[in-house]
Every structure is written in structure tokens, then in C-alpha cells.
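Fold and geometry: a report
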Amino acid sequence: GYTAPTPACDGERVYVLFGSAVLAALDLNGKLLWRKNIVPHDYDVAIGNSPLVHEGLVLLMCEQMKGKKASRLMAFDGKTGDVKWEQKRPDADWTHSTPLLTTIKGSLPGKAVTDLFLIGESSGSFTATYGITDSQELRQVVLNGPFFGAGTASTYTLTLDKYGQPVTITKP
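In every chain, residue numbers begin from 1 and rise along the written sequence. This being a predicted model, a pLDDT of at least 70 is required before a residue's local features are given, and a value of 80 or more before pairs of side-chain atoms are given or counted; all residues contribute to the totals for chains, interfaces and linings. Side-chain measures were taken over the full set of non-hydrogen atoms in the model, leaving aside hydrogen atoms and water.

**Overview of unusual backbone geometry**
In this structure, Glu55 takes a positive phi of about 50° despite not being glycine. Secondary structure elements are defined from DSSP: runs of H or I of at least 4 residues count as helices, runs of E of at least 2 residues count as strands, and each element is numbered from the N terminus. When you line up the elements, Glu55 lands in the loop between β5 (52–54) and β6 (57–62). Buried residues are those whose accessible area, probed at 1.4 Å on protein chains only, stays under 20% of the maximum for their type, while exposed residues exceed 50% and partly exposed ones sit between those limits. Its relative accessible area of 56% is what places Glu55 among the exposed residues.

Pasting the structure below:
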């Protein structure tokens, strides 16, 4: 089938989306590495948004005809093509828009981090980077700071892959 969306590349693989709702990865020499059919699909004419690559994932906005309630944001493993997670969006109607990931940086007082994780230097400061989708969904939080005492710095990454469902956070 034809491809109207712009391909995405992570430096090792090129990801292409075809109007027939097929997502594929090719190596830099053009060899097919994997191919996935997006099922179910019900688009106005064809799927027309571009994939987005972020931290090893290929994000794809699969917004379909509203009556089917099958719209969703999907994340595929860039190496294998396996679905890592998907967020249902039953009230979304079809679009040809590409997902956008916004990064917001800030800092948190040590006490807030130690109260949550039960470890870390409560008098220290932690940097926080928040990854937010264009749907205003928090998908990732990266914390860096003295998790294991003053004078140390460790990074802890929270990836939220079951958006809207309760989760249990355990200390690293």
C-alpha cells in the first residue's frame, strides 16, 4: 500500500506507516525487520499520521471513526514490533495527527521523594523530568538525586503504561 505519513528513525531503524494500517521497521539498508497490521482499523480514508520514536518505543496515534470506539494511542517496541502498551481513547474521533511528547523539567524537595519511595536523602533535592503526551497524559517521570544518601546521585524512571488504572509503586 501507499505511505503518506513521514517515516521516523532512531538511528538504527526506519519506521514507516502505510495507509493500509501497516507499521513496519526497516534497517538502514532497507531490509524489512518487522511488519505489524494495526487491527482493528476504521479510518475515514486511510491512516495518515506519522509515527513518533521515543526511548525505544514507536508511538502511534490510532484515532478511528468515533462510532467504533476503537481509537487508541499505541506504543510498539522499536526492536521487535511487539505492542508494549496501548491507551484506549473511546471518545476520540479520527484524525491524521501525530502524537506529541512534551518534556517538562523541575525539581522536587527530598522529603516529597522520601515520603513516596521510603528511601533517599530527605534534605536533598531531586530533579524531575515529566513526559506528557499531547492528550495531557503523564507517561513517564525520571527522578535523579540522592536516593542512597547524601553525596550520591541515582536515577529512577517511572513509566506509566496502564494509564487510568491504579498502580503500586515500590522502592527501587
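**Some details on the sheet that holds strand β7 (residues 72–77)**
One bridge is not enough; two strands pair if DSSP finds at least two bridges between them. Here we have four strands laid out as an open sheet, ordered β5-β6-β7-β8, and antiparallel in their pairing. In this open sheet, the two edge strands, each paired with only one partner strand, are β5 and β8 (83–88). If you compare each strand with its neighbour and ignore which way they point, the axes differ by 20° on average. Pairing between β6 and β7: six bridges, direction antiparallel. The partner of Leu60 across the bridge, within β7, is Met74. Helix axes are fitted only over the stretch in contact, all axes being lines through C-alpha atoms; the angle between N-to-C directions runs from 0 to 180 degrees.

**Here we look at the nonpolar core**
By convention a nonpolar core is built from buried Ala, Val, Leu, Ile, Met, Phe, Trp, Tyr and Cys residues, the set being connected through side-chain atoms within 4.5 Å. In this structure, Tyr15, Leu17, Ala21, Leu23, Ala25, Trp34, Ile38, Val58, Leu60, Cys62, Met74 and Phe76 together form the largest nonpolar core, which totals 12 residues. Elements supplying a minimum of two residues to this core: β2 (13–18), β3 (22–27), β6 and β7. Per-element tally for this core: the top contributor is β6, with three residues. Membership of the second largest hydrophobic core comes to 10 residues, among which are Val113, Ala128, Leu143 and Tyr156.

**Section: the pattern of salt bridges**
Side-chain pairs of opposite charge can arise where the charged atoms are in close proximity. Whenever a carboxyl oxygen of Asp or Glu lies within 4 Å of a side-chain nitrogen of Lys or Arg, that contact is scored as a salt bridge. Counted under the stated rule, the structure contains four salt bridges. Note that Asp115 and Lys111 form a salt bridge whose closest N and O atoms lie 3.0 Å from each other. Placement of both Asp115 and Lys111 in helix α1 (residues 110–117) is noted, with a separation of four residues, approximately one turn of the helix. If you follow the salt bridges from partner to partner, you end up with Asp10, Glu12 and Arg13 in one network.

**Focus: α1**
For α1, the set of buried residues is Gly110, Val113, Thr114 and Phe117. Looking straight down α1, one finds its buried side chains confined to an arc of 95°; they lie on one side. Trailing α1 by a residue or two, Leu118 shows a phi angle of about 65°, which is positive. The directions considered for the arc are those from the helix axis to the C-beta atoms.

**With respect to the confidence of the model for the protein chain**
Taken as a whole, the protein chain shows an average pLDDT of 78; of its residues, 69% reach a score of 70 or greater. pLDDT gives the predictor's per-residue confidence on a scale running from 0 to 100. Within the protein chain, the lowest mean pLDDT, 77, falls on strand β9 (residues 101–109), and the highest, 94, falls on strand β4 (residues 32–37).

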